[in-house]
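Structural description and commentary
Here is how the chains run, residue by residue.
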Amino acid sequence: MSAVKLENPALDPALLQERRMLLKGNHAVSYGVMRCRPEVIAMYPITPQTPIVEKIADLALTGEIDAEIMTCESEHSAMSACITASLTGVRVFTASASQGLFLMHEMLHYASGARTPIVMPIVNRTLGSPWGFWPDQTDSLAQRDTGWIQFYTEGGQESLDMVIQAYKIAENPDVMLPAMVCHEAFYVSHALEPITVPSQADVDAYLPPFNPEHRLDVDRKESWGNVVTQEMFYRHRRDMGISMSHVPDLVTKADVEFAERFGRGYGGILEKYRCEDAEMYIVAFGAMCGTIREAVDQMREKNLPVGLLKIRLFRPFPVQAIQEAVAGIPRLVVMERNYSPGLGGILHQELKAALFGMENAPLVHGYLAGVGGVNVSVDRIEELTRKALAETPVVESVWV
Amino acid sequence: MAGDVLAEAFFQEGKYVQAFSSYGGAIRGTPVLTAIRVDDKPIRLRSNIDHPDAVVCFDSSLMGPALLEGSGPDTVVLLNSALEPEAFTEWGDLRVATIDGIAIAQKNGLGRIVNSAVLGAFARIMGAPSLDVLARVVYEVSPRKNEENAQCARDGYEMVKMMASTAVAE
């Protein structure tokens with residue numbers, strides 16, 4: 001492992017202003033990280049995440065990022081470095097994807113247990129075997145029990161903005177948990193789009209410096225990582241749950257404050273698109289939501305009353321917000337790009353559990369529409385929507 | 001790379017663009033694909049392009065049904081080839097244009113690097129982006145031989161050959 005700290009050259013003040021740039025989704029994330037002023041960035045490349053850390057290295061070279069950059073020998077080491085750095089009370093960043101995320105898995109549990117508010121974008125990619133580089137969210141969804149907050153985004157601008165919001169939420173003293181910002185390979189990670197990079201002054205005003213109550217510091221004489229009793233472990237897990245329960249309201253608040261300052265908001269926990277008088281909501285998360293918007297517009301023109309319910313926060317799973325959002329709606333159809341063999345679509349399963357015990361709960365259809373990154377077009381979404389409206393749902397997620 | 005340059009030119013003209021390329025599994029020398037959408041409003045689609053307005057083929061030996069999937073009678077097919085457009089009528093009722101990118105590249109000292117010439121030809125047959133903006137972007141983003149690349153774009157714009165059916169938006 002090597003750590004590099006470069007002498008900071010004088011920066012052109014124009015670089016600190018708001019900038020409109022043509023950026024790949026991954027590079028948008030890098031610029032978002034830059035504005036958050038992390039002090040330690042531990043990184044290991046993996047397709048399709050690599051452009052994030054490559055651009056961070058470029059920005060460190062030009063002095064636009066002033067952080068200690070650690071190039072690690074594996075993702076496991078990168079996460080270990082993040083945890084220890086975060087425990088010293090500094091803001092920390094890393095990013096990963098797919099196979100690399102799985103090598104990190106052990107330390108993901110440690111990071112949340114150690115209450116280190118690390119922010120880590122995940123570029124969703126299929127898992128081997130067989131080998132592929134396609135968008136599929138099973139990689140980050142398989143980390144849903146690790147104690148990390150999880151956001152799913154639709155495009156590069158939302159990913160950039162959510163990195164900033166994620167630090168604000170994760171570092172809140174009532175939370176102190178790490179967060180993943182997940183976007184999909186290919187359609188987001190490698191898509192060039194016009195992106196607004198906010199000004200440094202605005203981000204500084206929105207996101208205060210990280211200043212935790214506890215930290216590893218030889219002068220403070222605090223430590224972390226002692227062996228505990230069963231009762232202490234029990235209390236620790238319960239406390240993590242209490243912290244998780246604070247997250248939904250803070251997500252809403254962070255998005256409202258973000259919209260006030262930056263003029264862009266995303267609805268916080270979830271977003272409803274053209275849901276007025278809908279007979280059915282299409283429930284989805286991630287990049288597919290963009291295509292579903294177009295499909296909803298197309299179907300509304302044909303007088304088919306359907307809307308999109310976009311889930312943005314997946315951990316903690318926002319049960320209350322979802323129940324409120326779907327109250328009175330006869331049907332939901334989940335279209336998703338992930339698969340848990342023996343269980344089904346993960347959003348489908350979690351959504352059904354969230355509706356348990358709800359009076360007049362909607363019928364829920366689950367379609368495995370985009371598993372493995374297969375193309376899901378506007379016409380395909382209309383076809384699946386009509387299919388759901390015409391049939392009785394089954395318990396299982398359906399290969400369509 | 002050519003896709004990124006084209007996207008940048010449209011972006012500098014104030015358009016919304018979305019461009020994504022095949023990656024990762026690509027082996028050096030094997031075919032790669034880039035898709036570009038251009039619009040006056042934000043682009044929300046996150047799916048493949050089913051019905052392209054234009055197909056640009058940098059290696060005419062790849063011409064075939066796979067490349068033409070989703071193309072219709074209005075799709076413009078631009079090929080990097082020394083042949084006349086009429087040489088490709090066997091592939092169907094297509095609006096074909098050709099550009100001899102290698103001849104232009106060699107004339108300007110770029111060997112077999114045809115990107116800039118083909119992009120110039122594209123700008124001509126599609127009527128966008130403007131040649132001025134494209135040539136400037138090509139100049140800015142070229143890692144070296146900047147003026148030679150810009151000149152290739154201008155030459156491509158002038159020397160593209162179109163079938164009579166390939167209407168030109170001037």
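Refer to the structure above for everything that follows.
Here the residue numbers are simple positions, counted from 1 along each chain's written sequence. Written order determines the labels here, with chains lettered from A and ligands numbered from 1. At least 70 in pLDDT is required for a residue's local features to be given in this predicted model, at least 80 for side-chain atom pairs to be given and counted, and no such filter applies to totals for whole chains, interfaces and linings, which use all residues. Note: side-chain values were computed over all heavy atoms of the structure, leaving out hydrogens and water.

**Re helix α3 (residues 75–87) of chain A**
Residues lying three or four places apart along an α-helix face the same way, a consequence of the helix completing one turn every 3.6 residues. Residue and element names in this part refer to chain A. Stated precisely, the cut-off is as follows: For the purposes of this entry, the term helix denotes a DSSP run of H or I that reaches at least four residues, the term strand denotes a run of E that reaches at least two, and both are numbered from the N terminus. Given a helix with a known number of residues, its expected span is that number minus one, times 1.5 Å. Relative accessibility decides the category of a residue: with a 1.4 Å probe and only protein chains considered, values under 20% of the type maximum give buried, values over 50% give exposed, and everything between is partly exposed. Contact criterion: two residues are considered in contact whenever any of their non-hydrogen atoms come within 4.5 Å of each other. Counted as a polar contact is a pair of N or O atoms within 3.5 Å, where, for protein atoms, one must be capable of donating a hydrogen and the other of accepting one, and residues adjacent in sequence contribute only when both atoms are in side chains.
Taking 1.5 Å per residue as the helical rise, α3 with its 13 residues ought to reach 18 Å, and the 18 Å between its terminal C-alpha atoms agrees with that figure. Counting buried positions over the 13 residues of α3 gives 10, a clear majority of the element. Among the residues of α3, Glu75, Ser77, Ala78, Met79, Ala81, Cys82, Ile83, Ala85, Ser86 and Leu87 are the ones counted as buried. In this structure, the buried side of α3 is in contact with β3 (40–43), β4 (68–71), β5 (92–93), α4 (98–103), α5 (105–113) and β6 (119–124). N-cap assignment for α3: the residue whose side-chain oxygen lies 3.3 Å from the backbone N of His76 is Ser74. Phi turns positive one or two residues past the end of α3, at Gly89, with a value near 95°.

**Describing the environment of A:Phe210**
Residue and element names in this part refer to chain A. Its location among the elements puts Phe210 in the loop between α8 (200–206) and α9 (230–262). Overall, Phe210 belongs to the buried group, its relative accessible area being 12%. Measuring from C-alpha to C-alpha, the distance between Phe210 and Met34 comes to 15 Å, with 176 residues separating the pair along the chain. Those residues in contact with Phe210, other than ones at most four positions away along the chain, are Ser86, Gly89, Val90, Arg91, Pro117, Glu171 and Met176.

**Observations regarding unusual backbone geometry**
In this chain, A:Gly128 is followed by A:Ser129 through a cis amide linkage whose omega measures 5°. Here A:Ser129 lies in the loop between β6 and α6 (138–141). A cis amide bond, omega -5°, links B:Ala128 with the succeeding residue B:Pro129. Assignment of secondary structure puts B:Pro129 in the loop between α4 (115–126) and α5 (131–141). With phi around 50°, A:Met176 is a residue other than glycine that occupies positive phi space. Residue placement: A:Met176 occurs in the loop between α7 (156–170) and β8 (179–184). Phi at A:Asp277 takes a positive value of approximately 55°, unusual for a residue other than glycine. Relative to the helices and strands, A:Asp277 resides in the loop between β10 (270–273) and β11 (280–284). Relative accessible area serves as the criterion here: at 72%, A:Asp277 is assigned to the exposed category.

**Examining the pairing of β6(A)**
Walk down a regular strand and you will see the side chains alternate between the two sheet faces. Residues and elements named next belong to chain A. Just so we agree on the cut-off: At least two DSSP bridges between two strands are required for those strands to pair.
The element β6 is largely enclosed, with a buried count of six among its six residues. Pairing between β6 and β8: six bridges, direction parallel. In the strand pairing of β8, Met120 is matched with Met180.

**Regarding the packing of α5(B) against helix α6 (residues 146–159) of chain B**
Residue and element names in this part refer to chain B. Let me state the cut-off plainly: Structural elements are reduced to axes, namely lines fitted to C-alpha atoms, with helices fitted over the stretch in contact, and the angle between N-to-C directions of any two is expressed from 0 to 180 degrees. Between 65 and 115 degrees an angle is taken as roughly perpendicular, under 35 as roughly parallel, over 145 as roughly antiparallel, and anywhere else as oblique. Left-handed describes a crossing whose near helix is turned anticlockwise from the far helix through less than a right angle; right-handed describes the clockwise counterpart. Here the nonpolar group is Ala, Val, Leu, Ile, Met, Phe, Trp, Tyr, Cys and Pro; Asp, Glu, Lys and Arg are the charged ones; every other residue, Gly included, is treated as polar.
One can describe the packing of α5 onto α6 by two numbers: an axis separation of 8 Å at closest approach and a directional angle of 150°. In terms of axis orientation, α5 runs roughly antiparallel to α6. Crossing geometry of α5 relative to α6 is assigned as right-handed. Each of Leu131, Leu134, Ala135, Val138 and Tyr139 in α5 lies in contact with α6, whose residues at this interface are Asn146, Glu147, Asn149, Ala150, Ala153, Arg154 and Tyr157. Tallied by class, residues from the contact of α5 with α6 come to eight nonpolar, two polar and two charged.

**A closer look at the environment of B:Val56**
Residues and elements named next belong to chain B. Checked against the element boundaries, Val56 lands in strand β3 (residues 54–57). Judged by its relative accessible area of 27%, Val56 falls in the partly exposed class. As for Val56 and Arg124, which are separated by 68 residues in sequence, their C-alpha atoms are 13 Å apart. Every residue in contact with Val56, bar those within four places of it in the chain, is listed here: Leu78, Val118 and Phe122.

**A word on the sheet that holds strand β14 (residues 331–335) of chain A**
All names here are of chain A. Pairing is mixed in the open sheet, where five strands are placed in the order β10-β12-β11-β14-β15. Only two strands of the sheet have a single partner each, and these edge strands are β10 and β15 (363–367). When the angles between neighbouring strand axes are averaged without regard to direction, this sheet yields 20°. Sitting on the sheet, helix α12 (residues 346–354) touches β11, β12 (306–311), β14 and β15, and the angle it makes with β15 is about 165°. Contacting β11, β12, β14 and β15, helix α13 (residues 378–390) runs over the sheet at an angle of about 140° to β14.

**Topic: a nonpolar patch on the surface**
As a reminder, the rule being used: Think of a patch as exposed residues, more than 30% relative accessible area, with no salt bridge, where like charges cluster within 9 Å and nonpolar side chains (Val, Leu, Ile, Met, Phe, Trp, Tyr) cluster within 5 Å. Accessible surface area values rest on a Shrake-Rupley calculation with a 1.4 Å probe, where residue burial reflects the displayed protein chains alone. In the sections that follow, a salt bridge refers to a side-chain nitrogen of Lys or Arg positioned within 4 Å of a carboxyl oxygen of Asp or Glu.
Nonpolar side chains collect at one region of the surface, where A:Tyr110, A:Leu216 and A:Trp224 lie side by side and expose about 280 Å² of accessible area between them. Counting through the fold element by element, A:Tyr110 comes out in helix α5.

**Side note on the side chain of B:Asn149**
Within the element layout of this structure, B:Asn149 appears in helix α6. Each residue touching B:Asn149, except ones within four places of it in the same chain, is listed here: B:Leu110, B:Ser116, B:Val138, B:Ser142 and B:Arg144.

**Considerations on the interface of chain B and chain A**
What counts, and what does not: Here the quantity called buried area is the accessible surface, traced with a 1.4 Å probe, that two parts lose on coming together, added over both.
The interface of chain B with chain A comprises 21 residues on the first partner and 30 residues on the second. Here chain B meets chain A over a buried area of about 2200 Å², counting both sides, of which 58% is carbon and sulfur. Across the chain B-chain A interface, the total number found is four salt bridges. Salt-bridge contacts for B:Arg44 lead to A:Glu294; the nearest nitrogen and oxygen are separated by 3.1 Å. Inspection of the region where chain B meets chain A yields 11 residue pairs in polar contact (both at pLDDT 80 or more). By residue class, the composition of the side of chain B that touches chain A is eight nonpolar, seven polar and six charged.

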